[in-house]
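# Overview (structure and organization)
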Amino acid sequence: SFVAKTWRDVAAKCEKITESIELLKRQDSTDSKIHNHQRIKSKPAIIFMFPGQGSQHFKMAKNMYQNEPIFRHNVQECCALVTAYGGADVLRLFFEPGSVTRSELDRTDIVQPIVFIVSYCLAELYMKTFGIRPTYMIGHSLGELVCATLSGVLDRETAISIVVERSRLMQSMPTGAMAQIGPGCSDQLFLEVTKAFPSLELAAHNTSSSYVFSGDKQEIKDLCKWFRERNKKRKGSNMHESRCKCVPLATSHAFHSSSMRPAAQKLSAYINSLSCPSYSSLIFPYVSNVTGEWQSRKATSADYWANHMCSPVRFCEGIDFLMSQKSLQEKQVILLEVGCGNSLKGLVNRHFSEKPQNQINDVTVMSSMPHAKDAVSASGADDHSIWLSSIGKLWEIGVSPNFSEYWETCRPEQISKISLPKYSLQKQRCFVGKSLTHIMQSKSDSFTMEVSSEHKEDNQSVFSKESSSVSSSSIVKRKDKSFDDFLSFYSDFTLSDPRINLNDSFFAHGGSSMN
């Protein structure tokens, strides 16, 4: 079956015995390679999570592009739109042939369009091919534009044009830097940072104890140095806070800060020049990064997207808001990251571990693609197999994917239909042993069996002393009390394995007198 094939595909990734043992010991039920196959009957609620810039990596979704025709077709159409609106040739850079360089992978105007495309096309594959539709959605920074597109706020072409213009304007801004504080940043420590570095701006609140700050390059360097000195002084006094680190992020600009204000004003003017489609209601409700609550009709406003570019991403507030919904209290909840990598899965798991008082206990956090480090490692995590694994895991939890639609639409050449008789088969034994028995019963109550001389010494207990003196073969005579049983076993034994020939030696294939 499809699910069984999925497990085999994923299990094939465990090339070493030690890896298989570790997986069995760990039994990681959250997007691991091994699952317990216990299917939950109740229909769960699914929340799609879309990552933003920073999730990109070499070879991202390349196996998906090569193996999934619908995904490939949608990617090609989206990439053509990017080029039509003046963007880079992302299809050539990432898929055909896929020769993106490190410097290109760090460019905002190249990365943001492809991150948007991968998330959008994956979501389309989940929804339209497998019928897996989200109850709610949430995005991280750029990911909110994917939410707006799937919810009907923006059509695909308009959304891609905004992404291209947004990324171009952000790339044109003066350079800056960003740094992450935490996990383990307490409220008191957060206040100390804001007091010591008033010019730095909060860019994202990812978990309850993890923050991202934006600012000038020198200020970010000073912040990291301040943390290193502070940790040395406080080491041993408060071990939890002494472990809180400040790590600079690999970015070229100070995103989600006031330094993006000139770009935001130009983006607002650009969106006003577009004829954005009107909508009556959201197809899928989703959470705003700006407020951390439900998105409203402001999503079509040019001012909203301009403010979105400069405001901090309130991701953990959005997760808490979703978890507090009454409609989810009695359900199994699945938080599925749809896009490159699994950065949001890590953030959500960390956030839940920091807040044990979370209202919903039955939560599964999953990802659709491998981590960036796994995808570019020597072994190379197959993103297509991991995506198939996510489908199998969803089925295991209680989701009902439309497998027939997938095979008929995406894999018609692999469907093999076999016609079966319209009547029930007769339960009649058809082994050769029965006919042999009929033939042999007309002879004496004993039988002879030839055994090649090479097995004579290993089976002396079976043969009589007289027969052992024969040079070419040994003939053994036995009484008939188990003749029928033996003959039936011998026929089944030879017919059960196609590699065994009826003329082969019985003992050469593991037979003995004890059988």
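Our subject is the structure listed above.
Below you will find a few notes about this structure. (Residues numbered from 1 in each chain as written. Predicted model: local features only at pLDDT ≥ 70, side-chain atom pairs only at ≥ 80, totals over all residues. Heavy atoms only, no water.)

## Describing the sheet that holds strand β7 (residues 286-287)
Formally: In this analysis, strands are considered paired if DSSP registers two or more bridges between them. Strands here are runs of E lasting at least two residues and helices are runs of H or I lasting at least four, both read from the DSSP assignment and numbered beginning at the N terminus. The contact criterion used is simple: two residues touch if any of their non-hydrogen atoms lie within 4.5 Å. Throughout, an axis means a line fitted to C-alpha atoms (over the contacting stretch in the case of helices), and angles, computed between N-to-C directions, take values from 0 to 180 degrees.
The sheet built from five strands is open, its strands ordered β7-β2-β1-β8-β9 with parallel pairing. In this open sheet, the two strands that pair with only one neighbour each are β7 and β9 (363-367). Looking at chain direction, strand β8 (residues 333-337) and β9 are connected through five bridges and run parallel. When the sheet's bridge partners are listed, Leu335 is paired in β9 with Val365. Contacting β1 (45-50), β2 (136-139), β7, β8 and β9, helix α15 (residues 315-323) crosses the sheet at an angle of about 170 degrees to β2.

## Regarding the pattern of salt bridges
Stated precisely, the cut-off is as follows: In the sections that follow, a salt bridge refers to a side-chain nitrogen of Lys or Arg positioned within 4 Å of a carboxyl oxygen of Asp or Glu.
With the rule as written, the count across this model stands at nine salt bridges. For Asp109, the salt bridge identified is with Arg107, shortest N-O distance 2.6 Å.

## Description of the pairing of strand β3 (residues 177-181)
Defined as follows: Residue exposure (1.4 Å probe, protein chains only): buried if accessible area is under 20% of the type maximum, exposed if over 50%, otherwise partly exposed.
Most of β3 is tucked away, with four of its five residues classed as buried. Bridge count between β3 and strand β5 (residues 210-215): five bridges; the pairing is antiparallel. The residue bridging Met178 from the neighbouring strand is Ser214, located in β5. Here β3 runs beside strand β6 (residues 246-248); their pairing, made up of three bridges, is antiparallel. Note that in β6 the partner of Gln180 across the bridge is Val247.

## Description of the packing of aromatic side chains
Cut-off, in case you're wondering: Side-chain rings of Phe, Tyr and Trp, where Trp is taken by its six-membered ring, are said to pair if the distance between their centres is within 6.5 Å; with planes under 30 degrees apart they count as stacked, over 60 as edge-to-face, and otherwise as tilted.
Using the criterion set out here, one finds 14 aromatic pairs in the structure. Arranged with centres 6.3 Å apart and planes meeting at 85 degrees, the rings of Phe130 and Phe403 form a pair that is edge-to-face. Note that Phe130 is positioned in the loop between α7 (108-129) and β2 and Phe403 in helix α19 (residues 403-410), a separation of 273 residues in sequence. Taken as a pair, Phe130 and Phe403 share a single burial class, namely buried. Residues Trp226 and Phe227 carry aromatic rings whose centres are separated by 5.3 Å and whose planes lie at 80 degrees to one another, so their mutual orientation is edge-to-face. Owing to a relative accessible area of 25%, Trp226 belongs among the partly exposed residues under this scheme. Ring pairing ties together the aromatic residues Phe48, Phe50, Tyr126, Phe130, Trp387 and Phe403, which thus form one cluster.

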